[in-house]
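# Working through the structure, step by step
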Amino acid sequence: MTSKPTVLAIIGAAILVAGSVAFVASRSGGASAEAPANNVAVVDGRQVIDLTAKGGYAPLRSVAQAGLPTVLRVTTRGTFDCSSALRIPSLDVSRTLPPSGVTEIDLGTPQVGTLEGTCGMGMYPFEVEFREPA
Ligand SMILES: [Cu+2]
């Protein structure tokens, strides 16, 4: 018969394994993942990049196509932190987003490169990489 401490040790190990699997799964779904988030759509030649702003920006990193008229569509939902003040310094964009709503920010027709945005205080970043069309 298996002793009680052994059973407890096995259960403990199982919980540890399950926990680390869940941890890895949640990490790979986050912004550190290399696979681009599915938040970019092209409709009638116009590219829309969707972001949400609340306690930071999501996704942190987007991949889009260069050379298309593009808007950044930012959704807020009960956003009262400073991610409601969105800045894109290289485009001279500084927008105050409503606590809840959708704000479209015209990005013009971006060239190949990485666009960096931030909250008003510069503590929450996001970026959009514009790539040559495939
Ligand atoms: Cu901030």
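To start, this report covers the structure provided alongside it. Source: prediction; values computed, not measured.

Of all hydrophobic cores here, the largest spans 20 residues; its most connected members are Leu72, Val74, Leu86, Ile88, Leu107 and Phe130. When residues of this core are traced back to their parent elements, those giving at least two are β2 (46-53), β5 (70-76), β6 (85-88), β9 (113-119) and β10 (125-131). Ignoring any residue separated from it by four or fewer positions in sequence, one finds Ile88 in contact with Leu72, Val93, Leu107, Leu115, Glu116, Gly117 and Phe126.

Moving on: the sheet that holds β6. Ordered in space as β4-β10-β9-β6-β7, the five strands form an open sheet in which the pairing is mixed. Because the sheet does not close on itself, it has two edges, and the strands there are β4 (61-65) and β7 (93-96). Adjacent strand axes in the sheet meet at a mean angle of 20°, parallel and antiparallel pairs treated alike. As paired strands, β4 and β10 are joined by five bridges and run parallel to one another. Looking at the pairing, Ser62 lines up with Val128 of β10.

Let us now look at the coordination of the copper ion. Every protein donor of the copper ion is accounted for by Cys82 (SG) and Cys119 (SG), and the metal-donor separations fall at 2.0 to 2.1 Å. A residue pair is termed long-range when its members are at least 10 positions apart, and Cys82 in the loop between β5 and β6 and Cys119 in strand β9 qualify at 37 residues. The same class applies to Cys82 and to Cys119, which are both buried.

Cut-offs used in this document
Every residue gets a number counted from 1 within its own chain, in the order that chain's sequence is written. Local features in this predicted model are restricted to residues whose pLDDT is 70 or higher, and side-chain atom pairs enter the listing and the counts only when it is 80 or higher, whereas totals over whole chains, interfaces and linings include all residues. The side-chain quantities take in all heavy atoms of the structure and omit both hydrogens and water. In this text, buried Ala, Val, Leu, Ile, Met, Phe, Trp, Tyr and Cys residues form a nonpolar core when linked through side-chain atoms within 4.5 Å. Each residue is assigned to one of three classes by its accessible area relative to the maximum for its type, calculated with a 1.4 Å probe on protein chains only: buried under 20%, partly exposed between the two thresholds, exposed over 50%. Numbering of helices and strands runs from the N terminus, with a helix taken as a DSSP run of H or I at least four residues long and a strand as a DSSP run of E at least two residues long. Every residue pair with non-hydrogen atoms within 4.5 Å of one another is taken to be in contact. For two strands to count as paired, DSSP must find a minimum of two bridges between them. Geometry is summarised by axes, namely lines fitted to C-alpha atoms with helices restricted to the contacting stretch, and by angles between N-to-C directions that run from 0 to 180 degrees. Here a donor is an N, O or S atom found within 2.8 Å of the metal, or within 3.2 Å if the metal is Na, K or Ca; sites may look incomplete because water is not among the atoms.

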